[in-house]
Amino acid sequence: MSAKPRHHKPHKARSWKSKAGRRTAPGSAPGTLFHDPEAPEAQIRVMAYNGEDLTESGVDSVDAIAAYREKWPTVWVHVEGLGDLEPLRRLGELFGIHQLVLEDVVNLEQRAKAEPYKDQLFVVARAPLAADQFGTRQVSLILGQGFVLTFTPGPGDCFEPVRERLRKGRGRIRGAGADYLLYALLDSVIDSYFPVLESAGESLEQLEEIVMAGQDRNAPHLIHVMKGALLSLRRDVWPHRELFAALIRDAEEMISPETSLFLRDCQDHAVQIIELIETYREVCADLLNTHLSSVSNRMNEVMKVLTIIATIFIPLGFIAGLYGMNFDTGISALNMPELGWRYGYLFCLGIMALVAGGLLWYFKRRGWLSRK
C-alpha cells in the first residue's frame, strides 16, 4: 500500500526574471551614490581583536572607528542598512575607499565578483535570504591592511558563526590576519546555501510523491515554480566560481598563500553547490516528464476502454438496426421472417450476447483488457 503524500508547501522563491541592477539615472557621473528612502538606517558594529583579546561594540559615529584601528591589529566593521549615505561617505574617507566601490555597495543587484583597488580588495558575494527561500541578497566586503568592512542591505546576516568563533577564540581566526577573516566570512556565505538546498531537496521529495500518486493537478505548476527558482539560484551562485578563482589567482598581494589554500576549499564548496543545483534542475525535468507520461498513460487507458466499448457495440448496433427495419412479412416471406417467429426476440438477443461475448474473449486472448 503506497503512503499518502505529505502536503506540499511551495518553496518560497523570488521571480527568476532578470532585474535591472542600476538604480542611478542614465548618464550619471561614475561613483554617484543612490539613496533609497525605504532602506533601513545604517547600524554599525565593530569587532576588533588580536591573538589574545577581543572587543565588540556598536558605534554611533564613524569617527569612533579610528580609535579601534590605532589600538587593534585587526578590525572588522559591519554595516547593516544602506538607507543613509553619510556614514558610507565617512567610511570611504576614513578607510580610503574608492568612489566606484561605494557605488557598487549601494547598487544591490551586483553579481559575485572580486576587484582589486590599489591596497584594497573589493568583493561582492550573494547570500541566501533564509534557509527556506531561494532569494539572495548582496553582501559587500572590503579587505584592507588590518581591516575588513562588510555591508548588508538590512538586519540579519550569515556571519554569526564567525562572530562566535571570534568571541570564543576557536581555531586560528584570532591569530591570523584580516585576509583570513575575509576567507571566514566568504566561507560562511557559501555554507549558508547548504540549508537552502537541503530544504529544496525535501520539497522535491514531496513533489515526487505527489507526481507518483497522481493526486494533484497543480503538480506541473509546482514543478515549474521549483525549476524557475533553481534557475534563479544558479544564476546567483555561478559567479562565485570565478570570484574564488580570481581571489586565488590575482590577489596575491592582499591574500597570503596560507589563506589561498582555504579559499580553494571555498571554491570546492561553491562547485558542489552548483552541481547540486544542476542535479535538482534535472530532477525537476524528470518529474515533469514523469507527470506528463502518467497523464498520457491514464489517457491511453481511458481511450482503450472507450474503444473496446465502441467496438463491442458496433456489431450490436448493426444487428439492432437490421431488425429495426420492420419490413412487412405479409408482402413477401423473405421480408424479415424472424419478425413473425415466436422466438425471434430471444434469438436476436442471443446473437447479440454471443457476438459481445466472442469479442470480449478475443480481446482478452490478445491481452487488450490487461492494464499492463
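First, a word on what this report is: a plain description of the structure on this page. (Residues numbered from 1 in each chain as written. Predicted model: local features only at pLDDT ≥ 70, side-chain atom pairs only at ≥ 80, totals over all residues. Heavy atoms only, no water.)

### Things to note about the nonpolar core
Burial of nonpolar side chains together is a common tendency in soluble globular proteins. The biggest cluster of nonpolar side chains holds 62 residues, and the ones touching the most others in it are L121, L166, L181, L247 and I255. Sorting elements by how many residues they give to this core places helix α5 (residues 178-191) first, with ten residues. Other than its neighbours up to four places away in sequence, L121 contacts E115, P116, L141, I142, L143, L182, L247, A251, M254 and I255. With 30 residues, the next largest nonpolar core counts V62, L82, L108 and I142 among its residues. (Core = buried A, V, L, I, M, F, W, Y, C linked by side-chain atoms within 4.5 Å. Buried < 20%, exposed > 50% of the residue type's maximum accessible area, 1.4 Å probe, protein only. Helix = DSSP H or I, 4+ residues; strand = E, 2+ residues; numbered from the N terminus. Contact = heavy atoms within 4.5 Å.)

### Notes on the pairing of strand β1 (residues 43-49)
In terms of burial, β1 is largely enclosed, as five of its seven residues are buried. Examined bridge by bridge, β1 and strand β2 (residues 54-59) share six bridges and lie antiparallel to one another. What sits directly across from M47, in β2, is E56. Counting the residues between successive antiparallel strands, the hairpin from β1 to β2 contains four residues. (Pairing = 2+ DSSP bridges.)

### Some remarks on the environment of T150
Mapped onto the secondary structure, T150 falls in strand β7 (residues 147-152). Accessibility expressed as a relative area gives 0% for T150, which makes it buried. Discounting chain neighbours no more than four positions away, the residues touching T150 are W76, V77, H78, V79, S140, L141, F159 and L185. At 2.9 Å, the side chain of T150 and the side chain of W76 are in polar contact. (Polar contact = N/O pair within 3.5 Å; in protein donor to acceptor, adjacent residues only side chain to side chain.)

### Describing a negative patch on the surface
On the surface, a cluster of negative charge is contributed by E198, E202, E205 and E208. Note on placement: E208 falls in helix α6 (residues 193-213). (Patch = residues over 30% accessible without salt bridge, like charges linked within 9 Å, V, L, I, M, F, W, Y side chains within 5 Å. Areas by Shrake-Rupley, 256 points an atom, 1.4 Å probe, with all protein chains shown as cover. Salt bridge = Lys/Arg side-chain N within 4 Å of Asp/Glu carboxyl O. Lys, Arg positive; Asp, Glu negative; His and termini not counted. Charge placed at Lys NZ, Arg CZ, Asp CG, Glu CD.)

### Details of a nonpolar patch on the surface
Together, M299, V302, M303, V305, L306, I309 and F313 make up a nonpolar patch on the protein surface, roughly 660 Å² of accessible area in all. Along the chain, V302 turns up in helix α9 (residues 257-322). Looking at V302, the relative accessible area reads 44%, which means it is partly exposed.

That's the geometry; what it means functionally is another story.
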